[in-house]
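Inside the fold
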Amino acid sequence: MPHGSRLMWATSETVERLSPQSSVFDVQPVVSVVTFTLSYALLLFASSLFCAPLVALSLLCKSVAMFPQTITLGSLLVASAAAATLPSQCGCGYSDPETQQLFTESIIVYFNETDTIDSNVFTIQDYAHKKEQGWNAIYKQGAKPANVQFENDTAFYPPLQVLNLQTDPYIQHNHVVYGGNIETVRKDIQYGSFRAALKSANQWTGGTALSMLLRYNTSDSLEVDFMNMDDPADAAVSNLVNGEWPSLDYLTNYTILEAAGLKPWSSFISARMDWNKTDVAFYIADNKTRSITKKERTLPQAGQPLQLKTWSTGDTTWMEGPPSVNASHSRVAWMRAFFNSSTMTSAEHHAFNQRCADAAFCSTEDMSLRGSTAYSPASTLRWKDPPNDKSIRQNAGIVAACCSSFGIFALINVFFRRTPWASLRLGKGKSGDATDALRSYLRRSLYKKPASKSASNSSTDLARAQDKMPSGMSTPSIQTPLPIYGAATPRSGYQTPVPPYERRSFESTPPVPPLNSAYRSRSASAASLQYPPSSSQPYQGAHDSDAGTKAFDEKDMAVLDRIEEAPRDEQTTHDYFQPSNPFTDSHAIINHFDEKRSLQPAATVSEKGKEAAVTVTPLEANAKSEAAAGILGAPVKPTPTKRIDYLAGLVAVACLGVTLHHFCQTFWPWVTNGYGPGAHYVKVEKWLQIFLGSYLLTQLWIGPFFLTATRFLSTNYLKNGNLEDIAKKELRRAPRLFVPIIITSLLEYFLISMDLTAALQYLPSVSYSTWPYVVQQPNFGAYINNIIELLYLMPNAIPEIVTHYCIGVLWTVPVQLQFTYVVLTAAVLIRDIKNPWKRFGFYTLMIVSSWYAKSWASCHWCGLVLSDLEATYKWRTYLGKRPLAYWAVIFGAFVGATCAPLASVFAQDWTFDTFENSLHPDFATGKPIMEVKSVYPGYNEPTLTIIGFSIGLQILVELSPLVQKFLSMKMILWLHPHIMTVYLTHGFVMWTWGAWCAVALDTAGVPYWGVLLVTLITTYALIFALATVLTPAIEIPTQAMMRNLDRWTKDESIPKRRTTAPFNKDIVVNRQGGGQAASEL
């Protein structure tokens, strides 16, 4: 809240000025006269009895001192009752002597002088909102005429008649809170000075707000809120502009008012808002509490009505509440408004200035003013923004439309000209033929069809060429660009002829990849491979030296197509993350062969150190094997291992569990939490929370993500001890994580700035969930800063980007990144601990210490234990031979996986997670948390329930064939390639489409079970559809980034070549002739 120094509190004399400003205090003159008379009578009585002379003297002095004030207040009372100044007497308007502002209109009402609400001035509102805006607004506003009453306020003696605005307790089934609300008939109030005497609801009656406000819409408003809060110590007055959130900077606590000598709980406090084109000022008890200028922020501009109302939305960051048992009562003594009209035209302004140039104005401080100025029917209409000059915008739109049309036409033209319609027609009527024809056409498009020149294939020449070829360069005398960079797609200028000075004696030698140290260890020597000639036609190189190349025939294309269509089960998860071979591209040479005749020799590679050994084994007449062996220059891959489908399925199920948990946190919070501001179906949700929320919709699914990631990271090294595996994963982990994150976060940055999450602010009043929250980043620099922070943030800190990203799942990124390096380093360390007792003793120490430190390393160490048991100790084979031990482990894992979620099922006054969290140290004091303050652990902190559930589930997956069979279902495995996309984008879909859908359906009157069902189906359909589109867009740059990293770290540097090669550089330096020849570098 504002510091006391910000409030320019006046002296007690200034504070006492409140009394003559309100007719509420008009009873004071009568009291003063009576007091004077009684004091005088008492003085005479005391004097006559000759007693207490000192008392008599003091009473006389007090009476004499009060006499001038009595005369003054008495005159005000007479002026108020008998000589009120009417609006007709102020034809030239009202002048504020303090600000020198001039106003033409007024509304002045003293509620102790009337018994009814003047229908020509105010309308009594009657409504019930179907939705409410606010991140924490779980109740909807309403108003009833019965809640606008006149009553006598007994806090004064004699009781004073005031306007009572009542706020009812909330209604359970629709969460509507009915208050009292009056609004001016005029809607043309634009700029002015608005004052009222207000008194908020009593203490401990439930949080409500008594507001004097001007409101056109959510972004054009002014308001003063007197809030009693649930706890009186938090009661405050807020001054807000244009729908601001009531931060502490805009609040004045009641304790500050009390320190200034005011009594906000028992007396009326004057509130004032001054509004003009350039600034807005707020006053409390004639003391300025806030001032805003046009340079600081946007100010209201629209004509709008003035309201007095009481309301509550249950917002814990605003007025809290609402009343739960009994109604609360807020009171208004008077209201004085001086303003200008938005309907006044320029001509009327000119006429007014001429008529009142030398006239006297009424003062806004004149307490005898009464009544309201007349108005025209136009003043009751909603204000409309005057039309702007749209010529510039229209011209810009025309230019943009022309440019867009030209671009679209160019794309359509390219599409129709480049589409292989003839090839597509070849396969018309046959399933899959059109696709095959298109693939063959695209493959042929990689090769040109110039005149070919036959050349013989000489293995001797090939071997000699490799021996003479410099490292890192391709075979000379080939019409390919030098040097070869290994790209999968031909580069621009790839048909540039090799300079003559590079040609030696190998005109017919086909190109081969450079056999540097990085590839010799994985490839067989091409010189030792024998390629029998095809029976149909001689061998054709990819590029000949002079005449170019000869096109591949359809048989060759079919071979490549079959290679491309290899079944998925022959691919490995490891290959999915490996960069493609840079030499398996359009420059590769395809050995022609007869598909009906099997080839005798084939190369298989066995790696031993850095030497390559070649063995010859017979091949079956299989098209896939022949095609694989026919690719010259491609390193022969090891026999692929089948992907561990059940681990991939586990990750997919965990991903679905996390998204379902987030869905319920957003749209159905009571099922996941078991508590909250309200349930839509209390009895049903209570049982669903026990059986459904504790297992399927739990936060515990985040643990298997970390354990399974550790299994993938460490298993290979623990098996073979190859440090190259550690180096690869450490190098590739960061781009593997951050390239998708940068793509999706950048996309969300622009989409959120387009206000696509606008419906999310209305969702809490529909779903009763205050969990969703996202705001736009202030600028692109802040976005860059958040991404950099994400790279270096240490867990368990929460990155700043989580409040700017739909569903803050990115807090797990620092956890995964930082503990990747911990796991890989730990794997190297563990492998050198040969003694099992020492090994598992070290594991135990690290897991326990990590748990005590509230570090996610505990989950990763548990994953490393399971990897070690599988890779080093072959525990599945061991347990398979010992049924008793096997079932004991299965039973323990089942207990851990099923009982851990039950820890939070019956959480009422005590929870296991809170108890467990209290055992950890408080980092600020070093003491156990139980000695400071026991709190529930944060969502970003590991707990024993997460660790127990994750370990138990992982063991069941590793050992149970039934669980493995379930996780290996095709429907589950289909999701595996899209896991990263679904994880990163599900929040955006839920908080844009899902929020809009839920709010729209609820507003239309659909039962909430129908709202949930429709929102669930459409949201997940959109998530999966979006994943199929975005996954290639994310994976292509990610894999390209990893391939480039691999090439930069493995390939030798390309030798430098002169720009003028094959000519001497004198051709440029000494091109004018006559100069000295430049020396060669």
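Just above, that's the structure.
Residues numbered from 1 in each chain as written. Predicted model: local features only at pLDDT ≥ 70, side-chain atom pairs only at ≥ 80, totals over all residues. Heavy atoms only, no water.

1. Here we look at the overall build of the protein
Counting secondary structure elements, the protein contains 34 helices and 26 strands. Residues classed as buried in the protein amount to 47% of the 1081 residues present. When contacts within the protein are restricted to residue pairs at least 6 apart in sequence, those whose partners lie at least 24 apart make up 75%. When the accessible surface of the protein is summed, it comes to about 53,700 Å², and 61% of that surface belongs to carbon and sulfur atoms. (Helix = DSSP H or I, 4+ residues; strand = E, 2+ residues; numbered from the N terminus. Buried < 20%, exposed > 50% of the residue type's maximum accessible area, 1.4 Å probe, protein only. Contact = heavy atoms within 4.5 Å. Areas by Shrake-Rupley, 256 points an atom, 1.4 Å probe, with all protein chains shown as cover.)

2. A short note on the state of the cysteines
Counted according to the given criterion, the structure contains two disulfides. At a sulfur-sulfur separation of 1.9 Å, the disulfide partner of Cys90 is Cys362. Residues Cys90 and Cys362 are joined by a disulfide whose S-S torsion is about -90 degrees; by sign, that bridge is left-handed. Placement of the pair is Cys90 in the loop between helix H4 (53-82) and strand S1 (94-95) and Cys362 in strand S21 (residues 362-363), with a sequence separation of 272 residues. Cys92 shares a disulfide with Cys356; S-S distance 2.2 Å. On the sign convention where negative is left-handed, the bridge of Cys92 and Cys356, at about -80 degrees about the S-S bond, is left-handed. A residue pair is termed long-range when its members are at least 10 positions apart, and Cys92 in the loop between H4 and S1 and Cys356 in the loop between helix H6 (346-355) and S21 qualify at 264 residues. Across the pair, Cys356 and Cys92 agree in class, each one buried. Sulfur of Cys859: no disulfide; nearest cysteine sulfur belongs to Cys862 and is 6.3 Å away. (Disulfide = S-S within 2.5 Å.)

3. Here's the deal with the pairing of strand S17 (residues 279-284)
Most of S17 sits out of view: five of its six residues are buried. Pairing of strand S16 (residues 269-275) with S17, which is carried by five bridges, proceeds in the antiparallel orientation. If you follow Asp274 over to S17, its bridge partner there is Ala281. Counting the residues between successive antiparallel strands, the hairpin from S16 to S17 contains three residues. (Pairing = 2+ DSSP bridges.)

4. A short note on the nonpolar core
Counting 105 residues, the largest nonpolar core has Phe705, Leu810, Trp856 and Leu864 as its most contacted members. The contacts of Leu864, once residues within four sequence positions are left out, are Thr710, Ser714, Leu718, Val823, Ala826, Ala827, Ile830 and Tyr843. Counting 44 residues, the second largest nonpolar core, distinct from the first, contains Val121, Ala196, Val280 and Ile284. (Core = buried A, V, L, I, M, F, W, Y, C linked by side-chain atoms within 4.5 Å.)

5. Concerning the pairing of strand S11 (residues 189-199)
Buried residues dominate S11, accounting for 11 of its 11 residues. Relative to strand S20 (residues 328-341), S11 runs antiparallel, the two sharing 10 bridges. Directly across from Ala196, in S20, lies its bridge partner Met335. With seven bridges connecting them, S11 and S16 associate as antiparallel partners. If you follow Leu198 over to S16, its bridge partner there is Ile269.

6. Points about unusual backbone geometry
Along the chain, Tyr157 connects to Pro158 via a cis peptide bond; the corresponding omega equals -5 degrees. The topology assignment puts Pro158 in the loop between strand S7 (148-153) and strand S8 (160-167). Going from Gly321 to Pro322, the amide bond is cis rather than trans, its omega being 0 degrees. Mapped onto the elements, Pro322 comes out in the loop between strand S19 (306-311) and S20. Of note in the backbone geometry, Ala285 takes a positive phi value of approximately 55 degrees without being a glycine. For Glu320, which is not glycine, the phi dihedral falls at a positive 60 degrees. Position of Glu320 among the secondary structure elements: in the loop between S19 and S20.

7. Some words on the sheet that holds strand S2 (residues 102-103)
If you trace the three strands from one edge of the open sheet to the other, you get S2-S1-S21, paired in mixed fashion. Across the chains shown, the open sheet's two edge strands, defined by having one partner strand only, are S2 and S21. Relative to S21, S1 is paired through two bridges, and the arrangement is parallel. Of the residues in S21, the one forming a bridge with Ser95 is Ser363.

8. A short note on helix H24 (residues 857-871)
In this model H24 runs 21 Å from its N-terminal to its C-terminal C-alpha over 15 residues, within 8% of the 21 Å that 1.5 Å per residue would give. Among the 15 residues of H24, 15 are classified as buried, and the element is accordingly described as predominantly covered. (Expected span 1.5 Å × (residues − 1).)

9. Topic: a nonpolar patch on the surface
Residues Tyr681, Val684, Trp1009, Leu1013, Val1014 and Ile1017 make up a contiguous nonpolar surface patch of roughly 590 Å² in combined accessible area. For the nonpolar patch, the leading source of residues is helix H33 (residues 1008-1050), giving four residues. By secondary structure assignment, the location of Ile1017 is in helix H33. Judged by relative accessible area, Ile1017 falls into the exposed class, the value being 52%. (Patch = residues over 30% accessible without salt bridge, like charges linked within 9 Å, V, L, I, M, F, W, Y side chains within 5 Å. Salt bridge = Lys/Arg side-chain N within 4 Å of Asp/Glu carboxyl O.)

10. Brief notes about the sheet that holds strand S5 (residues 127-128)
Spatially, three strands are ordered S5-S6-S9 in an open sheet, and the strand pairing comes out mixed. Each of the sheet's edge strands pairs with one partner strand only, and the pair in question is S5 and strand S9 (176-179). The pairing of S5 with strand S6 (residues 140-143) spans two bridges and is classified as antiparallel. Bridging from a neighbouring strand, Ala128 pairs with Gly142 of S6.

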